[in-house]
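Chain by chain, the residues run as shown.
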Amino acid sequence: MPSRKPSEPAAPPLLECREVKVSFGGIHALSDATLVADRGMVTGLIGPNGAGKTTLFNAITGLHPPDTGLVRLDGEDISQVRPHRRARMGIARTFQRLEVFGSLTVRENVLVAGEIWRRWSKNNEVDVAAQAEELIERVGLRHLARERVDSLPTGPARLVEMARALATNPRIMLMDEPGSGLNEAETDEFAGLLIDLAEEGLAILLVEHDVELVMRVCKRIFVLDFGRMIAEGTPKEIQRNKAVQAAYLGTAA
Ligand SMILES: Nc1ncnc2c1ncn2[C@@H]1O[C@H](COP(=O)(O)OP(=O)(O)OP(=O)(O)O)[C@@H](O)[C@H]1O
Ligand SMILES: [Mg+2]
């Protein structure tokens, strides 16, 4: 018997959120959030302050699971899976309020994440130290590898957080405003890095207020406003969308 009928749909998207709802007391932070993010591309998630972007990241990573609705990873419902298990399943994240080990060096930050990943994956073949060096090089921090992270400006510190997320060999990386604190040259480098990582197959879900950066790197963009997804489309479609202009681009200008 053939394992797949021709009429069967293609593989499910790597990440799918369907009608996710999250309330804090009487506040409906998310009332209807549906999105997909797939391998090999950067997907944007934009919206005004307080729209619910970070809340959706918390629902996806399990820090604050949805009240109702679904989060699926590669077709599997993970809505009630605990955060550390989701991380092991390949969901990595960087935070809006930078979270790094300030008293450790750049290299140590990345090494710690690699060691944790090695323990999870029980993969003793991988040379975690070599992987850390590669990642540090990749995000352009080789010259700072021995510096304590709390001595660094925000831009490089954000890159440390990114290298640390990558050291867990994720399938999807959620990034919450990684561009804030980066200067123009760093933003350019960063955009190139995101595109390269996506081309290698990683799924990236990007929350970012720098609209130009979002338009440059994202294939698809979802727009949240007051906890609801009000638009979805290519950068061009989103730029032309009247509801988006009113809700987001208008206020950001
Ligand atoms: N722990 C919490 N307790 C109560 N209300 C919360 C909590 N976290 C978020 N909210 C509220 O939920 C709504 C969505 O917040 P969220 O931080 O997800 O927005 P955001 O889109 O990430 O905004 P920003 O662009 O400013 O980061 C806001 O009204 C916020 O005040
Ligand atoms: Mg936020």
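A quick note: this is a predicted structure, and the numbers were derived from the prediction, not measured.

How each quantity is defined
- Residues numbered from 1 in each chain as written.
- Chains lettered and ligands numbered in written order.
- Predicted model: local features only at pLDDT ≥ 70, side-chain atom pairs only at ≥ 80, totals over all residues.
- Heavy atoms only, no water.
- Core = buried A, V, L, I, M, F, W, Y, C linked by side-chain atoms within 4.5 Å.
- Buried < 20%, exposed > 50% of the residue type's maximum accessible area, 1.4 Å probe, protein only.
- Helix = DSSP H or I, 4+ residues; strand = E, 2+ residues; numbered from the N terminus.
- Contact = heavy atoms within 4.5 Å.
- Donors = N, O, S within 2.8 Å, 3.2 Å for Na, K, Ca; no water.
- Phe/Tyr/Trp six-rings, centres within 6.5 Å; stacked < 30°, edge-to-face > 60°.
- Lys NZ or Arg CZ within 6 Å of the ring centre and 35° of its normal.
- Near = heavy atom within 4 Å.
- Polar contact = N/O pair within 3.5 Å; in protein donor to acceptor, adjacent residues only side chain to side chain.
- Areas by Shrake-Rupley, 256 points an atom, 1.4 Å probe, with all protein chains shown as cover.
- Nonpolar A, V, L, I, M, F, W, Y, C, P; charged D, E, K, R; others polar.
- Expected span 1.5 Å × (residues − 1).
- Arc of directions from axis to C-beta.
- Domains from an automatic or database assignment.
- Buried area = accessible area lost by both parts, 1.4 Å probe.
- Salt bridge = Lys/Arg side-chain N within 4 Å of Asp/Glu carboxyl O.
- Axes fitted to C-alpha atoms, helices over the stretch in contact; angles between N-to-C directions.
- Parallel < 35°, antiparallel > 145°, perpendicular 65-115°, else oblique.
- Left-handed = near helix turned anticlockwise from the far one by under 90°.

**Looking at the nonpolar core**
Item 1. Core analysis: the biggest nonpolar cluster contains 45 residues, and M162 and L194 have the highest contact counts within it.
Item 2. Examining the composition of this core, we find that seven residues originate from one element, helix 5 (residues 154-166), more than from any other.
Item 3. Among residues more than four places away in sequence, those in contact with L194 are V42, M162, M175, I204, L206 and V217.
Item 4. Membership of the second largest hydrophobic core comes to 28 residues, among which are L15, C17, L45 and L73.

**Examining the environment of E147**
Item 1. Relative to the assigned elements, E147 resides in the loop between helix 4 (128-138) and helix 5.
Item 2. Separated by 39 residues in the primary sequence, E147 and E108 place their C-alpha atoms 9.6 Å from one another.
Item 3. Filtering out sequence-adjacent residues up to four positions away, E147 remains in contact with L104, T105, V106 and L152.

**Here's the deal with the coordination of the magnesium ion (ligand 2)**
Item 1. Summarising the metal site, the magnesium ion (ligand 2) is bound by the protein donors T54 (OG1) and Q96 (OE1), whose distances to it range over 2.0 to 2.2 Å. With T54 in helix 1 (residues 53-61) and Q96 in the loop between strand 6 (91-94) and helix 3 (106-121), this pair connects stretches of sequence that are 42 residues apart.

**Focus: helix 1**
Item 1. Counting buried residues along helix 1, eight of its nine residues qualify, which places the element largely inside the surrounding structure.
Item 2. Of all the residues in helix 1, the buried ones are K53, T55, L56, F57, N58, A59, I60 and T61.
Item 3. Positive backbone phi, approximately 95 degrees, marks G62, located one or two places after helix 1.

**Observations concerning the packing of aromatic side chains**
Item 1. If you walk through the whole model with that rule in mind, you get zero aromatic pairs.
Item 2. In this structure, R164 packs its charged tip against the face of F101, placed 5.0 Å from the ring centre.

**Some details on the site of ligand 1**
Item 1. If you check the shell around ligand 1, you find 13 residues, and the closest are G50, K53, T54, T55 and Q96.
Item 2. A distance of 2.8 Å separates an oxygen atom of ligand 1 from a polar backbone atom of G50.
Item 3. In this structure, H209 approaches ligand 1 through a side-chain N or O atom, which is 3.0 Å from an oxygen atom.
Item 4. In isolation ligand 1 offers 640 Å² of accessible surface; the protein chains occlude 62% of this area.
Item 5. In terms of residue count, helix 1 provides more of the shell around ligand 1 than any other element does, three residues in total.
Item 6. Looking at the shell around ligand 1, its residues break down into four nonpolar, seven polar and two charged.

**Topic: helix 3**
Item 1. Here helix 3 contains 16 residues, and its C-alpha end-to-end distance of 23 Å stays within 8% of the 22 Å for a straight helix at 1.5 Å per residue.
Item 2. Within helix 3 the residues assigned to the buried category are V106, N109, V110, A113, G114 and W117. What you see down the axis of helix 3 is that its buried residues fit within an arc of 130 degrees, all on one side.
Item 3. Contacts from the buried residues of helix 3 go to helix 4 and helix 5.
Item 4. Backbone geometry just after helix 3 places K122 at a positive phi near 55 degrees.

**Focus: the domain arrangement of the protein**
Item 1. Here the protein is described as being made up of domain 1 (11-90 + 171-253) and domain 2 (103-169).
Item 2. Domain 1 and domain 2 are separated by 24 Å when their C-alpha centres are compared.
Item 3. Each side of the interface is counted separately: domain 1 has 19 residues, and domain 2 has twelve residues.
Item 4. Among the residues of domain 1 in contact with domain 2, R88, M173 and L193 are the three that bury the most area, contributing 35% of the side total.
Item 5. We note a salt bridge from R138 to E200, for which the minimum N-O separation is 2.6 Å.
Item 6. Linking domain 1 with domain 2 are three residue pairs in polar contact (both at pLDDT 80 or more).
Item 7. Of all the elements in the fold, those that place two or more residues in the side of domain 1 that touches domain 2 are helix 2 (83-88), strand 7 (172-176) and helix 6 (184-199).
Item 8. Take the side of domain 1 that touches domain 2: its biggest share by element is six residues, from helix 6.
Item 9. Among the residues forming the side of domain 1 that touches domain 2, the class breakdown is ten nonpolar, two polar and seven charged.

**Observations concerning the packing of helix 3 against helix 5**
Item 1. At a closest axis distance of 7 Å, the pairing of helix 3 and helix 5 adopts a crossing angle of 25 degrees. Judged on the interaxial angle alone, helix 5 and helix 3 are roughly parallel. Between helix 3 and helix 5 lies a crossing of right-handed hand. Of helix 5, the residues touching helix 3 (which contributes V106, N109, V110 and A113) are V160, A163 and R164.
Item 2. Classifying every residue of the contact of helix 3 with helix 5 by side-chain character gives five nonpolar, one polar and one charged.

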